[in-house]
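Below are the chains, spelled out letter by letter.
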Amino acid sequence: MIMLQSTKPIISPQAALALILLGPPGSGKGTQSKRLAHAYQVPHISTGDLFREHMSKETSIGMRAKAFIQAGKLVPDEVVMDMLFDRLEHPDCLRGYLLDGFPRTVAQADQLGKKRDLKMPFLVLCLDVVDDVIVQRASGRLVCKQCGVIYNRDFSPPVHPGVCDKCGGEVYRRHDDAPEVVLERLKVYHEQTRPLIEYYRKQEVLTSFDGNQPPDVVYSELKRYIDNHL
Ligand code: AP5
């Protein structure tokens, strides 16, 4: 008998999963989210990516968010909530989703708590990375404008400078990765987002991971943990 080996992830069609990736700027949330979303077949919803898309299309949300993002500040909650809840209404979220960069304040987390499907397994994965490493990673980060693949000038550059290996798109440096903006984003993280660690720890849904390790090691640890909780 020929055994066909499926390339699909090991997850039953009925299984659903809500994941939150929490961590400072540059901790690897985007890098890990792309792989995890693919592995579990859930949409990767990054509020930062949604804002960048709105800014490039010059929508009203993009115009309202731009000055805050460029200054390294958080976009006001009401702008974020409308955009996020609108995205969560899409049918691809019925079987779950992976949130990257949301929530970022206790007020955002409270609103998500009121809205989310309580029957869906809910895990908050926190990537711990020390501040010095954050600054180094952010200053080297490069992103493809077209497909969003994340590179790093120092650790994982594209083969041809400025050109995406995957799609040939233009690889660029985000404006908010300028050193002074990264320092402001870190400050904002410690003041406004870090309290979420205690918030979710009290709810017994948060687990921390050592994000200082190489990306493949971090991914394996996250995946093993999620698999054990499905
Ligand atoms: P957003 O885009 O979410 O930025 P962020 O949270 O600051 O996170 P980053 O995208 O900078 O980093 P990351 O953790 O995804 O790391 P990455 O994988 O790219 O938000 C941007 C702005 O939008 C915010 O500042 C705010 O203004 C606004 N905003 C967004 N959401 C909001 C909300 N909910 N409320 C209010 N405002 C909001 O990795 C970074 C680099 O490190 C890459 O080069 C990568 O290759 C490298 N790297 C990754 N992992 C490793 C590893 N393990 N080892 C070595 N290198 C690694």
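- Going by what an unreviewed UniProt entry lists, the protein chain is known as Adenylate kinase and is assigned to Candidatus Protochlamydia naegleriophila.
- Its UniProt record gives the protein chain a comment under Pathway (unreviewed entry), which states: "Purine metabolism; AMP biosynthesis via salvage pathway; AMP from ADP: step 1/1."

### Here's the deal with the UniProt feature "binding site: ATP" (unreviewed entry) in the protein chain
Part 1: In the UniProt entry, the feature "binding site: ATP" (unreviewed entry) is given for Gly26, Ser27, Gly28, Lys29, Gly30, Thr31, Arg141, Ile150, Tyr151 and Gln213.
Part 2: Note on placement: glycine 28 falls in the loop between strand 1 (17–22) and helix 1 (29–40).
Part 3: Residue glycine 28 is classed as buried on the basis of its relative accessible area of 17%.
Part 4: Filtering out sequence-adjacent residues up to four positions away, glycine 28 remains in contact with Leu127 and Arg137.

### Quick notes on helix 8 (residues 195–202)
A turn of α-helix holds 3.6 residues, and therefore any two residues three or four places apart point the same way.
Part 1: Burial in helix 8 covers these residues: Leu196, Ile197, Tyr199 and Tyr200. Looking straight down helix 8, one finds that the buried residues subtend no more than 165° of arc, so they occupy a single side.
Part 2: At its buried positions, helix 8 is contacted by strand 1, helix 5 (106–115), strand 4 (122–128), helix 7 (179–193) and strand 8 (206–210).
Part 3: Once helix 8 ends, the next one or two residues include glutamate 204, with phi positive near 60°.

Calculation rules
- Residues numbered from 1 in each chain as written.
- Predicted model: local features only at pLDDT ≥ 70, side-chain atom pairs only at ≥ 80, totals over all residues.
- Heavy atoms only, no water.
- UniProt positions renumbered as here; feature names shortened; annotations may be inferred.
- Helix = DSSP H or I, 4+ residues; strand = E, 2+ residues; numbered from the N terminus.
- Buried < 20%, exposed > 50% of the residue type's maximum accessible area, 1.4 Å probe, protein only.
- Contact = heavy atoms within 4.5 Å.
- Arc of directions from axis to C-beta.

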